[in-house]
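# Analysis of the macromolecular model
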Protein chains: 2
Amino acid sequence: MSDAFSSLPDFDAACAAQAAAHLDTLTKPPGSLGRLEPLAVQLAGIRGEPFPRVSPPGVLVFAADHGIAAEDVSAFPQSVTAQMVANFVAGGAAINVFARQIGARLEVIDVGVAGAVSGVVDEKVRAGTANFAVEDAMTRGEAMQAIGVGQRAAERAVEAGCRSLIVGEMGIANTTASSALLAVLTGRPVAELVGRGTGIDDAGLARKRAVIEAAIAARAPDADDPLGVLASLGGLEIAAMAGAFLEGAARRVPLLVDGFIATVAALLACRLAPELRGYLIFAHRSHETGHGAALAALEASPLLDLELRLGEGSGAALAFALLEAACRMLSEMASFETAGISAGPA
Amino acid sequence: MSDAFSSLPDFDAACAAQAAAHLDTLTKPPGSLGRLEPLAVQLAGIRGEPFPRVSPPGVLVFAADHGIAAEDVSAFPQSVTAQMVANFVAGGAAINVFARQIGARLEVIDVGVAGAVSGVVDEKVRAGTANFAVEDAMTRGEAMQAIGVGQRAAERAVEAGCRSLIVGEMGIANTTASSALLAVLTGRPVAELVGRGTGIDDAGLARKRAVIEAAIAARAPDADDPLGVLASLGGLEIAAMAGAFLEGAARRVPLLVDGFIATVAALLACRLAPELRGYLIFAHRSHETGHGAALAALEASPLLDLELRLGEGSGAALAFALLEAACRMLSEMASFETAGISAGPA
């Protein structure tokens, strides 16, 4: 495992330029394949290959609980985290279905589920974070451990042959932790960043906002110390996602960022290692309230907008076909010259 | 081949309702899979199956030339239509690449290419339309023949086992014909509907607009006679696309509508048989200027927005994975009950 905090490989500008030049020889008006074109160029630069390959993808689903769930901020009780993990293991969740569709290797990692779960990669750092309304979610050491869990998961996926990573999560109340992290990291008001998660009502939304505002005031994390912010507010699966992004980039693997939680994890990871940004591909614009702000902080424009608000990596798995299409466009399309088409645009 | 103009089967409301009810038992917060959910319901109603299947898809690419190309309205010369058809036959175009990715049956149909082409389904009605700046693009009889070409192509695809259809096109100057059709069918000003096609410059754009305005004034087609509008302005491939949509619906096959040209063909077909609308799934929001107006006329909101402006059915092929995902969601996801997850949303 590399020391991902300090040294990410440079984006391969030469391969990216080679891919960009090749694109303009292909049998289509220049630029007419829209966002697939810069995507293909980015993939070439990430992989360090003028004709990159991204299959098979690896899906990593990190699961953990949040002490803040005790503040009644979620539509679902905390026990659902473990129940959904069992569902991932049995293959019945949305991410399982979409991962099978794209031929992905899927791994479910317990970074900190409160209850006992089986059939997963057991990397439980602690049985859920502490309630950050009352105390720090975890120690700095635990945050580092959870980042390491994500780094090892990315390492396993790449060593198993995965050429791209889809990073998902499960954790009841994790939109609460994510909104809090986002407010501190961006300095924006909590009210702009708090949404309904999996479906709380108006009263729940008001409570969630008040809980986060009070907790940030009480914990008073320092925005210039991202690891401290993470330890203060959680969560364990968010830390692991950040670690998976960092290790994936260290291994030149394109990283598909799912929705709100994943984007906050990506933002945190970029604060730890800004070079990470070039390795990130934003998959889906979530309807969760804070996602727009998280995307803006990363100057990101996702590929899809399908009104999803599930998490698990589901939006990233759905976007994967576009990465595959971008690669195939580069490697399989004929050029004007080989196809014997004499006329370019006037 | 059914008489598609008069009798399309009813959308199966019972199957659609059964799919909708099943969705709310699955292990996800209600509605959290966003647009995939109504898409799955629509597919169930189209197919008349509560657990619909859409694979394998069939791709139909209709090619034809346009006499209006003589007015210098395109960035490419007319000969490129035949050259691109040869590229489709050789497997080197974008639609070939994306069709292979989704395991589609692909057929290229010559409805009216000006030059000789080989290796295609030869259904040439005439060697390109007449120049509608000077005379009607074709006769009503030829328009009916071209619609029949599309109907037969859809019939072949469905009889070969295709469970969904992607309808694409190739025809230099066909954004000009489409913009003219759209202006007449919607009554909106030409200036709002004319764009750069595959890449004309500002002078070309002004010329294209003037040509269309003068031609509509000269031909004076009656908007309440859609077949007459089609005969007056063209094109042969647009007529065939309309026919493929009508026959696909008659056979309960979901129809993926690509970009600008395909949407205008769909609008025309809906004027011939309004019940068609329920069978259409809009794949991609093109950056071609008139597409927004065409979509608005059909109250359609496409699944993807990737800044494509290529045609060929490329955007529809890229969206196909979402139809497949919607079907798999219905048939493969566990329910809260079977997964032993006790808690629904509060």
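The structure displayed is predicted, hence computed values, not measured ones.

### A look at helix α4 (residues 94-101) of chain A
Residues and elements named next belong to chain A.
- Of all 8 residues making up α4, 6 are buried, and the element is well covered by its neighbours.
- What α4 keeps buried is the set A94, I95, N96, V97, F98 and A99.
- Once α4 finishes, G103 follows within two positions and takes phi at roughly 65°, a positive value.

### Digging into the sheet that holds strand β4 (residues 164-170) of chain A
Residue and element names in this part refer to chain A.
- Spatially, the 6 strands line up as an open sheet ordered β3-β2-β1-β4-β5-β6, and their pairing is parallel. Two strands close off the open sheet at either side, each with one partner strand: β3 (121-122) and β6 (280-282).
- Bridging between strand β2 (residues 105-112) and β3 involves 2 bridges; their strand directions are parallel. Each bridged residue has a counterpart across the sheet, and for D110 the counterpart in β3 is D122.

### Considerations on the pattern of salt bridges
- All told, the structure shown has 40 salt bridges over all chains when counted by the stated rule.
- A salt bridge links B:D136 to B:R219; the shortest N-O distance between them is 3.6 Å. Here B:D136, found in the loop between β3 (121-122) and α5 (140-159), pairs with B:R219, found in helix α8 (residues 202-219); they are 83 residues apart in sequence, far enough to count as distant.
- Residue B:D136 is classed as partly exposed on the basis of its relative accessible area of 41%.
- Here B:E247 ties to B:R251 by a salt bridge, and the two come within 2.7 Å at their closest N and O atoms.
- Three or more residues joined by partner-sharing salt bridges are found here, namely A:R105, A:E107, A:E123, A:R152 and A:R156.

### Digging into the relation of the copies chain B and chain A
- Of the transformation superimposing chain B on chain A, the axial component is 0.0 Å and the angular component is 180°, with the fit at an RMSD of 0.0 Å. On the angle and the small slide along the axis, the relation comes out as a two-fold axis.
- Interface overlap between copies: 100% of the residues of chain B at the interface are likewise at the interface in chain A, consistent with a symmetric, same-surface contact.

### Describing the pairing of strand β1 (residues 57-64) of chain A
Residue and element names in this part refer to chain A.
- Burial within β1 is extensive, with 8 of its 8 residues counted as buried.
- As judged from the 7 bridges shared by β1 and β4, these two strands associate in the parallel manner. Paired with G58 across the bridge in β4 is L165.
- Relative to β2, β1 runs parallel, the two being bridged by 7 bridges. Paired with A64 across the two strands is G112, which belongs to β2.

### Some points on the sheet that holds strand β6 (residues 280-282) of chain B
Residues and elements named next belong to chain B.
- If you walk across this open sheet you meet the 6 strands as β3-β2-β1-β4-β5-β6, and the pairing is parallel. Strand pairing shows two members of the sheet lacking a second neighbour, β3 and β6, which therefore form its edges.
- The pairing of strand β5 (residues 255-257) with β6 spans 3 bridges and is parallel. Paired with L255 across the bridge in β6 is L280.

### Focus: the domain arrangement of chain A
Residue and element names in this part refer to chain A.
- One can read the domain layout of chain A as domain 1 (13-52 + 330-339) and domain 2 (57-323).
- In this structure, domain 1 and domain 2 have C-alpha centres spaced 32 Å apart.
- Listed by partner, the interface residues are 9 residues for domain 1 and 14 residues for domain 2.
- For the pairing of domain 1 and domain 2, the buried interface totals around 970 Å² over both sides, and the portion due to carbon and sulfur atoms is 56%.
- Looking at the side of domain 1 facing domain 2, the largest losses of area belong to R35, I46 and R47, adding up to 57% of the total buried there.
- Counting across the domain 1 and domain 2 interface gives 0 salt bridges.
- Between domain 1 and domain 2 we count 7 residue pairs in polar contact (both at pLDDT 80 or more) in total.
- Looking at the side of domain 1 that touches domain 2 residue by residue, the class counts come to 4 nonpolar, 3 polar and 2 charged.

### Re the packing of helix α13 (residues 314-332) of chain A against helix α13 (residues 314-332) of chain B
- The geometry of α13(A) relative to α13(B) is characterised by a closest axis approach of 9 Å and an angle of 150° between their N-to-C directions. One way to sum up the angle between α13(A) and α13(B) is to call them roughly antiparallel. For the pair α13(A) and α13(B), the sense of crossing is right-handed. Where α13(A) abuts α13(B), its residues A:L318, A:A321, A:L322 and A:A325 lie against B:L318, B:A321, B:L322 and B:A325.

### Quick notes on the interface of chain B and chain A
- Listed by partner, the interface residues are 53 residues for chain B and 53 residues for chain A.
- If you sort the residues of chain B by the area they bury against chain A, B:F76, B:Q101 and B:L306 come out on top, with a joint share of 13%.
- At the junction of chain B with chain A, the criterion picks out 2 salt bridges.
- Among the salt bridges present, the one from B:R100 reaches A:E332, with a minimum N-O distance of 2.9 Å.
- Linking chain B to chain A there are 16 residue pairs in polar contact (both at pLDDT 80 or more).
- At 9 residues, the largest contribution of residues to the side of chain B that touches chain A is made by α13(B).
- Split by residue class, the side of chain B that touches chain A holds 31 nonpolar, 13 polar and 9 charged.

### Notes on the pairing of β4(A)
- Across the 7 residues of β4(A), 7 count as buried, placing the element largely inside the fold.
- Alternating positions in β4(A) separate into two faces, A:S164, A:I166, A:G168 and A:M170 on one and A:L165, A:V167 and A:E169 on the other, with burial throughout.

### Examining the nonpolar core
- Grouped together as the largest cluster of nonpolar side chains are 279 residues, with contacts concentrated most on A:F62, A:L276, B:F62 and B:L276.
- Among residues more than four places away in sequence, those in contact with A:L276 are A:L8, A:F245, A:L246, A:A249, A:L255, A:A266, A:A269 and A:C270.

### Let's talk about the state of the cysteines
Residue and element names in this part refer to chain B.
- The tally for this structure, following the rule as stated, stands at 0 disulfides over all chains.
- In this model C15 remains outside any disulfide bridge; the closest cysteine sulfur is found in C327, 13 Å from its own.
- A relative accessible area of 10% places C15 in the buried class.

### Observations regarding the packing of helix α2 (residues 36-47) of chain A against α13(A)
Residue and element names in this part refer to chain A.
- Between α2 and α13, the least distance of the axes is 9 Å, while the angle of their chain directions is 85°. For the element pair α2 / α13, the angle class is roughly perpendicular. Listed contacts from α13 to L36, E37, L39, A40 and L43 of α2 are L322, L323, A325, A326, C327, M329 and L330.
- Class assignment for the residues of the contact of α2 with α13 results in 11 nonpolar, no polar and 1 charged.

The rules behind each value
- Here the residue numbers are simple positions, counted from 1 along each chain's written sequence.
- Chain labels run from A onward and ligand labels from 1 onward, assigned in the order the entries are written.
- Thresholds applied to this predicted model are a pLDDT of at least 70 for local features of residues and 80 or more for the giving and counting of side-chain atom pairs; totals over whole chains, interfaces and linings are not thresholded and use all residues.
- Excluded from the side-chain calculation are hydrogens and water; included are all heavy atoms of the structure.
- The buried label applies to any residue whose accessible area, calculated with a 1.4 Å probe on protein chains only, is under 20% of its type's maximum; exposed applies above 50%, and partly exposed to all values in between.
- A helix here means a DSSP run of H or I that spans at least four residues, while a strand means a run of E at least two residues long, and both kinds are numbered starting from the N terminus.
- Two strands qualify as a pair provided DSSP detects at least 2 bridges between them.
- The term salt bridge refers to a side-chain nitrogen of Lys or Arg lying within 4 Å of a carboxyl oxygen of Asp or Glu.
- Superposing the copies works by least squares over the C-alpha atoms of residues that have pLDDT at least 70 in both of them.
- Any pair of residues with heavy atoms lying within 4.5 Å of one another is described as a contacting pair.
- Where each domain starts and ends follows an automatic or database-derived domain assignment.
- Computed with a 1.4 Å rolling probe, the buried area is the accessible surface lost when two parts are put together, summed over both parts.
- Contacts described as polar in this section are N or O atom pairs within 3.5 Å, which, within protein, must combine one atom able to donate a hydrogen with one able to accept it, while residues neighboring in sequence count only if both atoms come from side chains.
- Each residue gets one of three labels, nonpolar for Ala, Val, Leu, Ile, Met, Phe, Trp, Tyr, Cys and Pro, charged for Asp, Glu, Lys and Arg, and polar for the others, Gly among them.
- For helices, the fitted line uses only the C-alpha atoms of the stretch in contact; every axis is such a line through C-alpha atoms, and the angle between N-to-C directions lies from 0 to 180 degrees.
- Orientation categories follow fixed angle ranges, with anything under 35 degrees roughly parallel, anything over 145 roughly antiparallel, 65 to 115 roughly perpendicular, and all other angles oblique.
- Note: crossing handedness is left-handed where the near helix turns anticlockwise from the far helix by less than a right angle, and right-handed where it turns clockwise.
- Buried Ala, Val, Leu, Ile, Met, Phe, Trp, Tyr and Cys residues form a nonpolar core when they are joined through side-chain atoms within 4.5 Å.
- Count a disulfide wherever a pair of cysteine sulfur atoms falls within 2.5 Å.

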